[in-house]
Amino acid sequence: SSGINAEYGYFDMELLAGENNFITTAIEHKLKYQMDFSKLYWNSRLGTEHKRIAELIPAGSTVLDMFCGIGPFALPLARKRCHVHANDLNPESYKYLLKNIQINKIASEYITCYNQGGRELIENFTGQIDYVLMNLPASAYEFVDVFIGLYSKRQEGLKPPTVFCYHFADADAPEKKSITAISEKLGF
């Protein structure tokens, strides 16, 4: 590995031996996720968090997954009949998101997919959003300012969503680093 791809956040890989094929399938909570591991990010250690959020958000909710990758939050939520708007900027992640929807037979009425920037998606989204997932720990906090004044620009009667913003933090004071970074971005 020579580093992390700056645009899409996956690890650059160097093949040391064997076949030049990084396509694999991961199984998480009875869902299959096919991917080309060399062109996108996947972390099997997040399975417990994917399950926790899927259990926390009630069926029927409208969920916007700003940085959905190949769908580990989006697919279980759509399977339980949430209305999921799943977005990822990485064209490879988007390709495998669509493929994983088919593999897992997720009903298209419960998931809409986008391949654009997260900021653009939020700014142009109309209608009620109940929950927003921002699972891009290195930089998701840089997008929280998109919510400033957003609901004053929207039609009346919409309530602000619950936002889950993931962030890498120091082991010594994890909450402090995250709260400081997000507060600064929001101008507090």
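Residues numbered from 1 in each chain as written. Predicted model: local features only at pLDDT ≥ 70, side-chain atom pairs only at ≥ 80, totals over all residues. Heavy atoms only, no water.

A. Representation of the overall build of the protein chain within the structure. Assigned secondary structure in the protein chain consists of six helices and nine strands. Its C-alpha atoms give the protein chain a radius of gyration of 17 Å, near enough to 16 Å, the size a compact globule of 188 residues would have. Residues counted as buried form 44% of the 188 residues belonging to the protein chain. Long-range contacts, defined here as pairs at least 24 residues apart, represent 62% of the contacts in the protein chain between residues at least 6 apart. For the protein chain, the exposed surface amounts to about 10,700 Å²; the carbon and sulfur share of it is 51%. Side chains of the protein chain carry 19 positive and 22 negative charges; the gap between the two charge centres is 8 Å. (Helix = DSSP H or I, 4+ residues; strand = E, 2+ residues; numbered from the N terminus. Rg over C-alpha atoms; globule rule 2.2 N^0.38 Å. Buried < 20%, exposed > 50% of the residue type's maximum accessible area, 1.4 Å probe, protein only. Contact = heavy atoms within 4.5 Å. Areas by Shrake-Rupley, 256 points an atom, 1.4 Å probe, with all protein chains shown as cover. Lys, Arg positive; Asp, Glu negative; His and termini not counted. Charge placed at Lys NZ, Arg CZ, Asp CG, Glu CD.)

B. Structural view of the side chain of Asp 88. Following the sequence through the fold, Asp 88 ends up in the loop between strand 6 (83-87) and helix 3 (91-103). As a buried residue without a salt bridge, Asp 88 has its nearest oppositely charged side chain in Lys 95, at a separation of 13 Å. Polar side-chain contacts of Asp 88 include one of 2.9 Å to the backbone nitrogen of Asn 90. When residues no more than four places from it in sequence are discounted, the contact partners of Asp 88 are Met 66, Phe 67, Cys 68, Gly 69, Ser 93, Tyr 94, Tyr 114, Asn 115 and Gln 116. (Salt bridge = Lys/Arg side-chain N within 4 Å of Asp/Glu carboxyl O. Polar contact = N/O pair within 3.5 Å; in protein donor to acceptor, adjacent residues only side chain to side chain.)

C. Examining the environment of Arg 119 more closely. With respect to the helices and strands, the residue Arg 119 is situated in helix 4 (residues 118-124). Contacts of Arg 119, omitting those with residues within four sequence positions, involve Met 66, Glu 142, Phe 143, Asp 145 and Val 146. At 2.9 Å, the side chain of Arg 119 and the backbone oxygen of Glu 142 are in polar contact.

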